[in-house]
Amino acid sequence: MTILNKFSRQLTSQFERGGSQAMLYALGLNKADMKKPQIGIGSVWYEGNPCNSKLNELSQVSKNSILKKDMIGFQFNTVGVSDGMTMGTKGMNYSLPSRKLIADSVETMVYAHHYDGFVGIPSCDKNLPGMAMAMFRLNRPSMLIYGGSMRPNFIDTGGKTLQKVDIVSSFESYGQYLKGGITEEERDNIIQNACNKDCGACAGLYTANTMASILEVMGLMLPNSSSNVSLSLEKFKECDISGNIMMNLLTEDIKPSDIVTKESFNNAIKMLYILGGSSNAIIHLLAMARELDIELTLDDFSRYEDTPVLTNMKPHGEFVMHDIYLRGGMSRVIEYLIEIGIINGDCMTITGWTLAQNNELFNPYKLCTSENIQDGVSLVSNEGILKESVKSIIMDVDDPFKKDSHLKILRGNIAPKGCISKINSNNTSYSGKLICFDSETDMLKALGKHLITQEHVVLIRYQGETIGCPEMLEPTSALVGYFGDNPPPLITDGRFSGGSKGILVANLPDAYKEDSILPYLINGDIIELDLVNKQINVTLEEHEIVNRVMSIDIYKPELPIKTGYVAEFGRYVGGLCDGYVTS
């Protein structure tokens, strides 16, 4: 028989732990409660970000569900960083490092307080991989409940139909204004209405929704958790059955290491490409695999690069996660991908069933039976499932949105160990003259002065892991707003937001480090991208590069943050190949 409270009993049952027990009695527990399993319910709730501001409501419903199954639930929360709010500021330098803070704080709370299981409720970008890393590190019965995506808004721009807007619309409006495409009043209308007041994670297939979809196909969330939108009836139902799921996980002693295998990561990689998701998923999956001691390298991502992009989703397409929700949810997408042989449906999930079994039992057009551990709850849309097929969003594999992956691992003389390209066009080669900037601010000023042309390749350097590897959504969105669908390429040692689109190359070697040649590149150098051979090179001979390194006395900008957490992170963090984890 499985001991359900095998960790908490070290505090509640051992005679010498009188102090621990006294403190638990002060919280309102009685003698009978001391024999019950204790579940930590950790959310990334804080008021200052629409992605996270409603998570406390979900956490409370989950706690009530835990209590109803004769367990004890203790709520806690962790830090978080709003990527959307901090973009282009020093606050963005804290974004990637916050992933480690989240993982470490969950580990600390669960280990220190001897919780028998864990329910994680993340929402914004680094929340999701941070909590997954903590789950793997703890390796105790655990599940994740995604906070849910934001619904889109619609504004009147004087056209025949209302314009669908989301957070990326507000960033792109800057470039549109610079180009003279919209007035200041029109821009203000976009900014004031870009985010829905019901809150939730950013609406498109950006990093949060990408990671949620990946974690669902890895079996760490309930079916449709990635697509059930913020404050929807289905989202509250997920929380309301979390007690059932947790009791089953405890009883069967199902741990993350029993669920997640190398094949789960293969499913995740293919799901990333199918959905046209965020390049950040690559670094997060690399970091997550290390926590389970599963070997995952950039070559694993290269292996599946012939996987087509099948979704017509923002940022490269038309739809947002709410549209998938209205068509029955992500489970229907996964069901289709299993049917056509792309996703392996035999992988285990937190329900104790496989992906394929889940998709049968959670099909939105069928009711769950009363014997299911979900207590007969059918995740049917309260907003009304559209009769329209999910294939209006997910295209046929023989007629894809893009014939191969939008993400590729490139190597060459400016990135010998690899970097990540994000290109949604079917073109296979690009070249142009470098125009170099040492900060986002300098690049945006140059764009405002109309100094950047479509013949350029824009380089923004000194944005690497030494300073936290910030995202470049402001520059990429400004270029799209200014140039439309044909912006010049942008390359950087920083990262791109999931909302970034264009001809993009990120995660180049950190210009602050000795092995990077980025500091020695100058305006007018020719950069060539070859997506067929997966190459990125500056058209300089090896001896020319060596001569520059030996003869040029380069100036490196001062670190923007010299003390505190980001500075510490920068000293110990590794590079792209290990997912920017600290040693």
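Above this text you will find the structure in question.
Residues numbered from 1 in each chain as written. Predicted model: local features only at pLDDT ≥ 70, side-chain atom pairs only at ≥ 80, totals over all residues. Heavy atoms only, no water.

Engineer: Whenever I open this one, the overall build of the chain confuses me. Can you help?
Structural biologist: Looking only at helices and strands, one finds 22 helices and 14 strands in the chain. In terms of C-alpha radius of gyration, the chain reaches 24 Å, essentially the compact-globule figure of 25 Å for 583 residues. The principal-axis extent of the C-alpha atoms belonging to the chain is close to 75 × 55 × 45 Å. Residues counted as buried form 61% of the 583 residues belonging to the chain. Considering only intrachain contacts with a sequence separation of at least 6, the fraction spanning at least 24 residues in the chain is 74%. Side-chain charges in the chain split into 53 positive and 69 negative, and the spacing between the mean points of these groups amounts to 4 Å. (Helix = DSSP H or I, 4+ residues; strand = E, 2+ residues; numbered from the N terminus. Rg over C-alpha atoms; globule rule 2.2 N^0.38 Å. Buried < 20%, exposed > 50% of the residue type's maximum accessible area, 1.4 Å probe, protein only. Contact = heavy atoms within 4.5 Å. Lys, Arg positive; Asp, Glu negative; His and termini not counted. Charge placed at Lys NZ, Arg CZ, Asp CG, Glu CD.)

Engineer: Just checking my understanding: could you explain the sheet that holds strand S2 (residues 72-77) for this structure?
Structural biologist: What the four strands build is an open sheet, ordered S2-S1-S3-S4; its pairing is parallel. The sheet terminates laterally at S2 and strand S4 (142-144), the two strands that pair on one side only. Shown here is a sheet whose adjacent strand axes are inclined to one another by a mean of 15°, direction ignored. Relative to S4, strand S3 (residues 117-121) runs parallel, the two sharing three bridges. Among the inter-strand pairings, Phe118 is bridged to a residue of S4, identified as Ser142. Relative to the sheet, helix H11 (residues 242-251) contacts strand S1 (38-43), S3 and S4, its axis offset from that of S4 by approximately 150°. (Pairing = 2+ DSSP bridges. Axes fitted to C-alpha atoms, helices over the stretch in contact; angles between N-to-C directions.)

Engineer: How should I be thinking about a negative patch on the surface in this particular structure?
Structural biologist: On the surface, Glu184, Glu185, Glu186 and Asp188 cluster together into a patch of negative charge. Along the chain, the position of Asp188 falls in helix H8 (residues 184-193). Asp188 gets classed as partly exposed once you look at its relative accessible area, which sits at 38%. (Patch = residues over 30% accessible without salt bridge, like charges linked within 9 Å, V, L, I, M, F, W, Y side chains within 5 Å. Areas by Shrake-Rupley, 256 points an atom, 1.4 Å probe, with all protein chains shown as cover. Salt bridge = Lys/Arg side-chain N within 4 Å of Asp/Glu carboxyl O.)

Engineer: I'm lost on the packing of helix H3 (residues 55-68) against H11 in this one. Help?
Structural biologist: Each pair of packed helices can be summarised by the angle the axes make with each other and by the distance between the axes. The interhelical angle for the contact between H3 and H11, taken along N-to-C directions, is 55°, at an axis separation of 7 Å. One way to sum up the angle between H3 and H11 is to call them oblique. Along this stretch, H3 crosses H11, giving a crossing that reads as right-handed. Contacts from Ser62, Ser65 and Ile66 in H3 reach Ser242, Gly243, Asn244 and Met246 in H11. The class makeup of the residues in the contact of H3 with H11 is two nonpolar, five polar and no charged. (Parallel < 35°, antiparallel > 145°, perpendicular 65-115°, else oblique. Left-handed = near helix turned anticlockwise from the far one by under 90°. Nonpolar A, V, L, I, M, F, W, Y, C, P; charged D, E, K, R; others polar.)

Engineer: How should the environment of Pro560 be read in this particular structure?
Structural biologist: Following the sequence through the fold, Pro560 ends up in the loop between helix H21 (542-551) and helix H22 (565-572). Taking relative accessible area as the criterion, Pro560 reaches 30% and is therefore assigned partly exposed. It is 7.4 Å that separates the C-alpha atoms of Pro560 and Lys90, two residues lying 470 residues apart in sequence. Aside from chain neighbours lying at most four places away, what touches Pro560 is Lys90, Asn93, Ile467 and Tyr512.

Engineer: How do you make sense of the side chain of Glu172 when you look at a structure like this?
Structural biologist: Mapping Glu172 onto the fold places it in helix H7 (residues 167-179). Ignoring any residue separated from it by four or fewer positions in sequence, one finds Glu172 in contact with Ser477, Val480, Gly481 and Lys501.

Engineer: Quick question: what am I supposed to make of the nonpolar core here?
Structural biologist: In summary, soluble globular proteins display a tendency toward joint burial of nonpolar side chains. Met218, Phe265, Leu285 and Met288 are the most contacted members of the largest nonpolar core, which has 107 residues in total. Of all hydrophobic cores here, the second largest spans 28 residues; its members include Ala415, Cys436, Val457 and Ala511. (Core = buried A, V, L, I, M, F, W, Y, C linked by side-chain atoms within 4.5 Å.)

Engineer: Can you walk me through unusual backbone geometry in this structure?
Structural biologist: Residues apart from glycine generally show negative phi values, whereas peptide bonds are mostly found in trans. Cis geometry marks the peptide bond from Lys314 to Pro315; its omega dihedral reads 15°. With a phi close to 60°, Leu231 is a non-glycine residue in the positive phi region. Structurally, Leu231 can be placed in the loop between helix H9 (207-217) and helix H10 (233-240). Residue His450 is not a glycine yet carries a positive backbone phi of 60°.

Engineer: It is not clear to me how the pattern of salt bridges should be interpreted in this structure. Could you clarify?
Structural biologist: A side chain of one charge can pair with a side chain of the opposite charge when the charged atoms of the two come close. Going through the model one piece at a time under the given rule, you end up with 30 salt bridges. Taking the shortest distance from any N to any O, the salt bridge between Lys36 and Asp70 comes out at 3.1 Å. With a gap of 34 residues between them, Lys36 in the loop between helix H2 (18-26) and S1 and Asp70 in the loop between H3 and S2 connect regions that are remote in the sequence. Accessibility expressed as a relative area gives 46% for Asp70, which makes it partly exposed. Residues joined by salt bridges that share partners form a network here, namely Asp83, Asp125, Lys126, Glu471 and Arg495.

Engineer: Looking at this structure, I do not really get the packing of aromatic side chains. What am I missing?
Structural biologist: Describing an aromatic ring pair means giving the distance of the ring centres and the angle of the ring planes. As enumerated under the stated definition, the model contains five aromatic pairs in all. Seen in terms of ring centroids, Tyr565 and Phe569 are 6.4 Å apart; in terms of plane orientation they differ by 50°. Their pairing is tilted. With Tyr565 and Phe569 both in helix H22 and four residues apart, this pair spans about one turn of that helix. With relative accessibility at 3%, the residue Phe569 sits in the buried group. Between Lys179 and the ring centre of Tyr482, over which it is positioned, the NZ or CZ distance is 4.6 Å. (Phe/Tyr/Trp six-rings, centres within 6.5 Å; stacked < 30°, edge-to-face > 60°. Lys NZ or Arg CZ within 6 Å of the ring centre and 35° of its normal.)

Engineer: Please explain the environment of Lys556 as it appears in this structure.
Structural biologist: One can find Lys556 in the loop between H21 and H22. Considered as a pair, Lys556 and Lys270 are 286 residues apart in the sequence and their alpha carbons are 39 Å apart. Excluding anything up to four places from it in sequence, Lys556 contacts Tyr462, Ala511, Tyr512, Lys513, Glu514 and Pro519. For Lys556, the side chain forms a polar contact with the main-chain oxygen of Tyr512, separated by 3.1 Å. (Polar contact = N/O pair within 3.5 Å; in protein donor to acceptor, adjacent residues only side chain to side chain.)

Engineer: What exactly am I supposed to notice about the side chain of Thr207 here?
Structural biologist: In this structure, Thr207 sits in helix H9. Residue classification places Thr207 among the buried residues on the basis of a relative accessible area of 0%. Of note is the side chain of Thr207, whose polar atom sits 3.1 Å from the side chain of Asn280. Ignoring any residue separated from it by four or fewer positions in sequence, one finds Thr207 in contact with Asp125, Ser278, Asn280, His284, Ser497 and Gly498.

Engineer: For this particular structure, what's the right way to read the environment of Leu444?
Structural biologist: Residue position: Leu444 is located in helix H19 (residues 440-448). Along the sequence, Leu444 and Tyr174 sit 270 residues apart, while their C-alpha atoms lie 9.9 Å from each other. Dropping the residues within four chain positions of it, Leu444 is found in contact with Tyr174, Glu474, Pro475 and Ala478.

Engineer: What is the right way to read the pairing of S1 from this model?
Structural biologist: Residues in a regular strand project their side chains so that they alternate between the two faces of the sheet. Across the six residues of S1, six count as buried, placing the element largely inside the fold. Residues Gln38, Gly40 and Gly42 point to one face of S1 and Ile39, Ile41 and Ser43 to the other, with burial holding for every one of them. Where S1 lies against S2, six bridges are found, and the strand directions are parallel. Within S2, the position partnered with Gly42 by the bridge is Phe76. Note that the unit made of S1, H3 and S2 has a crossover that is right-handed. One ladder, built from five bridges, connects S1 with S3; its direction is parallel. Looking at S3, one finds that Ser43 is bridged to Ile121. (Right-handed = clockwise from strand over helix to strand, strands pointing away.)

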